[in-house]
Amino acid sequence: MNYNKSEIISNIIKIGQLMGSKNYTPGYSGNISARYGENFIITISGSSNGYLTENDFVEIDNNGISQDSNKKPSSEKLLHLAFYKKRPYINYIIHVHPAGLSAFASSGQDLMTPIMAENVFYFGGIPLAEYGLPSSTELVKNTEIFFDKYDAVLMANHGFIIGSKTLNDAYQKLEIAEEYAKTVIYTKMLGGAKALSNEQAEKILALR
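Residues numbered from 1 in each chain as written. Predicted model: local features only at pLDDT ≥ 70, side-chain atom pairs only at ≥ 80, totals over all residues. Heavy atoms only, no water.

### Thoughts on the overall build of the chain
The line we're drawing: Helix and strand definitions here come from DSSP, where helices need a minimum of 4 consecutive H or I residues and strands a minimum of 2 consecutive E residues; each element is numbered from the N-terminal end. Under the scheme applied here, a residue whose accessible area is under 20% of the maximum for its type counts as buried, over 50% as exposed, and between as partly exposed, the area being computed with a 1.4 Å probe on protein chains only. The contact definition used throughout considers only heavy atoms, calling two residues in contact when any of these lie within 4.5 Å. Note on areas: these come from Shrake-Rupley sampling with a 1.4 Å probe, and a residue is covered only by the protein chains present in the view. Within this scheme the basic residues Lys and Arg register as positive and the acidic residues Asp and Glu register as negative, but His and the chain ends are omitted. Here the site of a charge means NZ on Lys, CZ on Arg, CG on Asp, or CD on Glu.
In terms of regular secondary structure, the chain is built from 7 helices and 7 strands. Moving toward the C terminus, one meets the helices and strands of the chain in the order α-β-β-β-α-β-α-α-β-α-β-β-α-α. When its C-alpha atoms are laid out on the principal axes, the chain stretches across 55 × 30 × 30 Å. For the chain, buried positions account for 49% of its 208 residues. By sequence separation, contacts in the chain at least 24 residues apart represent 63% of the contacts at least 6 residues apart. For the chain, the exposed surface amounts to about 10400 Å²; the carbon and sulfur share of it is 50%. Between the mean site of the 19 positive side-chain charges and the mean site of the 21 negative ones, the chain shows a separation of 2 Å.

### Regarding the packing of aromatic side chains
Applicable threshold: Within 6.5 Å between ring centres, the rings of Phe, Tyr and Trp (the latter by its six-membered ring) count as paired, and their orientation is classed by plane angle as stacked under 30 degrees, edge-to-face over 60, tilted in between.
This structure, assessed with the given rule, holds 5 aromatic pairs. Ring centres of Tyr 24 and Tyr 171 lie 6.5 Å apart, and the angle between their planes is 35 degrees; on these two criteria the pair is classed as tilted. Of this pair, Tyr 24 sits in the loop between helix 1 (5-21) and strand 1 (31-36) while Tyr 171 sits in helix 6 (residues 167-189), placing them 147 residues apart in sequence. Of the two residues, Tyr 24 and Tyr 171, neither departs from the other in class, the shared state being buried.

### A short note on the environment of Tyr 24
Residue Tyr 24 is classed as buried on the basis of its relative accessible area, which comes to 4%. Spatially, the C-alpha atoms of Tyr 24 and Ala 206 are 31 Å apart, while their sequence positions differ by 182 residues.

### Some details on the pairing of strand 6 (residues 152-155)
On any regular strand, side chains alternate: one points to one face of the sheet, the next to the other face. Here is the rule: Two strands form a pair only when DSSP identifies at least two bridges running between them. When the strands point away from the viewer, a crossover counts as right-handed if the path from the first strand over the helix to the second runs clockwise.
The alternating pattern of strand 6 places Ala 152 and Leu 154 on one face and Val 153 and Met 155 on the opposite face, and all of these are buried. Of the strand pairs in this sheet, strand 5 (residues 128-129) and strand 6 are connected by 2 bridges, and their pairing is parallel. Counterpart to Leu 128 in the pairing with strand 6 is Leu 154. Each parallel crossover has a hand, and for strand 5 linked through helix 5 (residues 137-144) to strand 6 it is right-handed. In this sheet, strand 7 (residues 159-164) lies alongside strand 6 in antiparallel orientation, the contact comprising 4 bridges.

### Overview of unusual backbone geometry
Of note, Asn 23 is a non-glycine position whose phi angle comes to about 60 degrees, a positive value. If you trace the backbone, Asn 23 turns up in the loop between helix 1 and strand 1. Phi at Asn 157 is positive, roughly 55 degrees, even though this residue is not glycine. Along the chain, Asn 157 turns up in the loop between strand 6 and strand 7.

Dropping the structure here:
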């Protein structure tokens, strides 16, 4: 990336405010990070994505060690680092708890069934990682097995994580995923969705 640190932080603050306005990241939940040269920038522990300031960020190395002794990085730093290590072209990661996606994560249901063309096209599917205590190595282990193939993953009884080359793309796909989750919930109220066939899904994937 060609952005300097202040530009990266400024862009994350704007996206954080947008996510906050949509209630994707209520209260102190969630965290955001960016690749920064050989290191990474991540929101600090206890920060609120919807109300971020320039002081709510810290630079960490690839082992998660803070480069500022006065700032504690998000407790989910190892989860972010695992994603970056698996995917060299991922530059931004958003971890949040929007209601629709969190409902699926908390009910033990993935979003792998091909129901809407957009979800198939942008994600292929959104798998569900087994539960791991937040901030734990167990959570990292259970979730990182999907990072090599999927840009977005649900975490059981927890939330949602997505990575992309650009911050804007990560956010736009978060919007798509959340609205998709809500749509699937609505279809359940109407008796259940009519899934696309494997052939139809494959044709959509071929459009990429």
